[in-house]
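# Summary of the model geometry
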Amino acid sequence: MQATSSSTSKVVNLYLEANPNPNSMKFVANFMLLPESMSHDIPSIKEADNSPLAQQLFSLEYVDRVFFMSNFVTVTKKDGIDWLEIREEIKNIIKTYLESGKLVIDEISDQNQIDENDSETVKKIKGILDEYIRPAVEQDGGAISFHSFEEGKLKVLLQGSCSGCPSSTVTLKAGIENLMKRMLPEVQSVEAEGV
């Protein structure tokens, strides 16, 4: 699926939002960067081939991870440097890139899309993730997507600011797992994959 694009120069307004992960910052644009409910997590320069913007951000030695979703970019920095020292440089790179009207991602797919081959339980899980959990996680600059469900164990992918966040384990167990168990008794536990 193609990400949102425009061939003409755009008026770009960006504002910054902190989130629970002290090493991540959300750079929120005044327009959609990706189609609704789609996200793309780029944990290193090696996986940035389909994003010229991520490649530019990774050229900064202190950038550790880049995440795109709806109308924002979440940048995760390495330890040892303060946001006050780097946020304007990152903001200027993102703003200049977005003003060009180029795509932030060449092509992405939606991991949460309900597939007709999914079991009824998996369809319900994806529906709960989409309706109840994703909006809260997205507000914090991250994303959650379905990974797998076997023998009562639900595995999810935490991306963006959620990856490596000190409070993500508490959120996963106290929030997401409790909600899933209440709404869908088939779910006995929830674990994060690839964090």
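Structure report, in brief. Just so you know, these numbers come straight off a predicted model, no measurement behind them. (Residues numbered from 1 in each chain as written. Predicted model: local features only at pLDDT ≥ 70, side-chain atom pairs only at ≥ 80, totals over all residues. Heavy atoms only, no water.)

Proteins that are soluble and globular tend to have nonpolar side chains buried together. Counting 30 residues, the largest nonpolar core has L57, F68, V75, I90, I94, L98 and V104 as the members making the most contacts within it. Sorting elements by how many residues they give to this core places helix α2 (residues 83–99) first, with seven residues. I144, I176, V187 and V190 belong to the second largest nonpolar core, which has 18 residues in total. (Core = buried A, V, L, I, M, F, W, Y, C linked by side-chain atoms within 4.5 Å. Buried < 20%, exposed > 50% of the residue type's maximum accessible area, 1.4 Å probe, protein only. Helix = DSSP H or I, 4+ residues; strand = E, 2+ residues; numbered from the N terminus.)

With that settled, the discussion passes to the pairing of strand β4 (residues 63–69). Consecutive side chains along a regular strand alternate between the two faces of the sheet. Counting buried residues in β4 gives six out of seven residues, a clear majority hidden from the surface. With six bridges connecting them, β4 and strand β5 (residues 72–77) associate as antiparallel partners. Its bridge partner lying in β5, F67 is registered against T74. From the end of β4 to the start of β5, which pair antiparallel, there are two residues, and S70 there has a positive phi angle of about 30 degrees. (Pairing = 2+ DSSP bridges.)

If you walk across this open sheet you meet the five strands as β1-β2-β5-β4-β3, and the pairing is antiparallel. Because the sheet does not close on itself, it has two edges, and the strands there are β1 (14–18) and β3 (39–42). Along the sheet, successive strands turn relative to each other by an average axial angle of 20 degrees, direction set aside. Sheet topology places β3 next to β4; four bridges connect them, and they run antiparallel. Considered in β4, the bridge of D41 is made with F67. Across the sheet, α2 is in contact with β1, β2 (24–29) and β5; its angle to β2 comes to roughly 35 degrees. (Axes fitted to C-alpha atoms, helices over the stretch in contact; angles between N-to-C directions. Contact = heavy atoms within 4.5 Å.)

The next thing to look at is α2. Residues lying three or four places apart along an α-helix face the same way, a consequence of the helix completing one turn every 3.6 residues. With 17 residues, α2 extends 23 Å from end C-alpha to end C-alpha; this agrees with the ideal 24 Å at 1.5 Å per step. By the burial criterion, the buried members of α2 are W83, I86, I90, K91, I93, I94, Y97 and L98. Around the axis of α2, the buried residues are gathered within 165 degrees of arc, so they sit on the same side. Set apart from the buried face of α2 by more than 90 degrees, the exposed residues are L84, E85 and T96. On its buried face, α2 is in contact with β1, β2, α1 (52–58) and β5. A positive backbone phi angle near 80 degrees is found at G101, which sits one or two residues after α2. (Expected span 1.5 Å × (residues − 1). Arc of directions from axis to C-beta.)

Turning our eyes to something else, we now look at the pattern of salt bridges. What the rule picks out here adds up to seven salt bridges. Between D41 and R65 there is a salt bridge whose closest N-O contact spans 2.6 Å. Highlighted residues: D41 in strand β3 and R65 in strand β4, separated in sequence by 24 residues. You can call D41 buried: its relative accessible area is 14%. The shortest N-O distance in the salt bridge between K153 and E191 comes to 3.7 Å. Taken as a pair, K153 in strand β7 (residues 153–160) and E191 in strand β8 (residues 189–193) lie far apart in primary sequence, 38 residues in all. (Salt bridge = Lys/Arg side-chain N within 4 Å of Asp/Glu carboxyl O.)

Now for helix α3 (residues 120–139). Along its 20 residues, α3 runs 28 Å from first to last C-alpha, staying within 8% of the 28 Å computed at 1.5 Å per residue. By the largest-angle criterion, I133 marks the main kink of α3, which is about 50 degrees, and a proline, P135, follows within four residues. Those residues of α3 not exposed but buried are T121, V122, I125, K126, I128, L129, I133, R134 and V137. At the C-terminal side of α3, G141 shows a positive phi close to 85 degrees. (Bend = angle between axes of the 7 residues up to and from the residue.)

Read these as spatial facts, not as claims about activity.
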